Amino acid sequence: MLFGAEFHNAEEMPRQIAIYEQNAEEIDEKEGEYLAKKCQDIVSHIEEIDAKINEVATGWKTSRMGKADLTLLRLAVYEMKYEEDTPVKVAINEAVELAKKYGAENSPSFINGVLAKLA
């Protein structure tokens, strides 16, 4: 859902979330509601999140980053800055682990470096 935010404007996101929920496997209604709310909350803070990323991503701007990396950075920064119940180390570790699965070869170290500067 959050990955799709890069390709759709804020007005289109509720429809995109609904499409995702319809096609998602093994997701119950409660999980779907939680994910949709979190995604919408992150999207509502994207300008602030991207500004924080741009401050520390030396030589890189969010407009030049790979979309998977950018999505993972946005999620982690949101968790670090806006969710009090998520420890910073956990947010960073989860982003790095997801980067190993969904990112490019250098994604885990790139994401770890950017998030470490923000921590």
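Computed from a predicted model, the values in this text were never measured in an experiment. (Residues numbered from 1 in each chain as written. Predicted model: local features only at pLDDT ≥ 70, side-chain atom pairs only at ≥ 80, totals over all residues. Heavy atoms only, no water.)

Caption draft 1: How the structure looks around the pattern of salt bridges. The final tally for this structure, using the stated rule, is four salt bridges. Between Lys100 and Glu97 there is a salt bridge whose closest N-O contact spans 3.0 Å. One end of the pair, Lys100, and the other, Glu97, are both in helix α5 (residues 88–102), three residues apart, so they sit about a helical turn from each other. On the accessibility criterion, Glu97 (37% relative accessible area) is partly exposed. Through salt bridges with shared partners, one network takes in Lys38, Glu79 and Glu83. (Salt bridge = Lys/Arg side-chain N within 4 Å of Asp/Glu carboxyl O. Helix = DSSP H or I, 4+ residues; strand = E, 2+ residues; numbered from the N terminus. Buried < 20%, exposed > 50% of the residue type's maximum accessible area, 1.4 Å probe, protein only.)

Caption draft 2: Focus on the environment of Trp60. Relative to the assigned elements, Trp60 resides in the loop between α3 (46–56) and α4 (67–82). Overall, Trp60 belongs to the partly exposed group, its relative accessible area being 35%. If sequence neighbours within four positions are ignored, Trp60 has contacts with Asn54, Met65 and Phe110. (Contact = heavy atoms within 4.5 Å.)

Caption draft 3: Structural view of the packing of helix α2 (residues 29–44) against α4. It is the contact of α2 with α4, at a shortest axis distance of 10 Å, that shows an interaxial angle of 90 degrees. Comparing their axes, α4 and α2 come out roughly perpendicular. For the pair α2 and α4, contact is made by Lys38, Asp41 and Ile42 and by Arg74, Leu75, Tyr78 and Glu79, respectively. Per-class residue counts for the contact of α2 with α4 are three nonpolar, no polar and four charged. (Axes fitted to C-alpha atoms, helices over the stretch in contact; angles between N-to-C directions. Parallel < 35°, antiparallel > 145°, perpendicular 65-115°, else oblique. Nonpolar A, V, L, I, M, F, W, Y, C, P; charged D, E, K, R; others polar.)

Caption draft 4: Spotlight on the packing of aromatic side chains. Following the criterion strictly, the structure yields two aromatic pairs and no others. Pairing Trp60 with Phe110 gives two aromatic rings, centres 5.9 Å apart and planes at 65 degrees, and the pair type is edge-to-face. Highlighted residues: Trp60 in the loop between α3 and α4 and Phe110 in helix α6 (residues 107–118), separated in sequence by 50 residues. One residue, Arg64, lies across the ring of Trp60, its end atom 4.6 Å from the ring centre. (Phe/Tyr/Trp six-rings, centres within 6.5 Å; stacked < 30°, edge-to-face > 60°. Lys NZ or Arg CZ within 6 Å of the ring centre and 35° of its normal.)

Caption draft 5: Looking closely at a negative patch on the surface. A surface patch of negative charge is lined by Asp28, Glu29, Glu31 and Glu33. Looking at the element boundaries, Glu33 is found in helix α2. (Patch = residues over 30% accessible without salt bridge, like charges linked within 9 Å, V, L, I, M, F, W, Y side chains within 5 Å. Areas by Shrake-Rupley, 256 points an atom, 1.4 Å probe, with all protein chains shown as cover. Lys, Arg positive; Asp, Glu negative; His and termini not counted. Charge placed at Lys NZ, Arg CZ, Asp CG, Glu CD.)

Caption draft 6: Broad picture of the side chain of Glu79. Topologically, Glu79 is positioned in helix α4. The class for Glu79 is buried, based on a relative accessible area of 14%. Ignoring sequence-local partners within four residues, the contact set of Glu79 consists of Lys38, Thr86 and Ala91.

Caption draft 7: View of the environment of Leu115. By the element assignment, Leu115 lies in helix α6. According to the relative accessible area criterion, Leu115 is buried, its value standing at 0%. Once the C-alpha coordinates of Leu115 and Gly4 are considered, the two residues, 111 residues apart in sequence, prove to be 22 Å apart. Excluding anything up to four places from it in sequence, Leu115 contacts Leu73, Ala76, Val77, Met80, Ile92 and Ala95.

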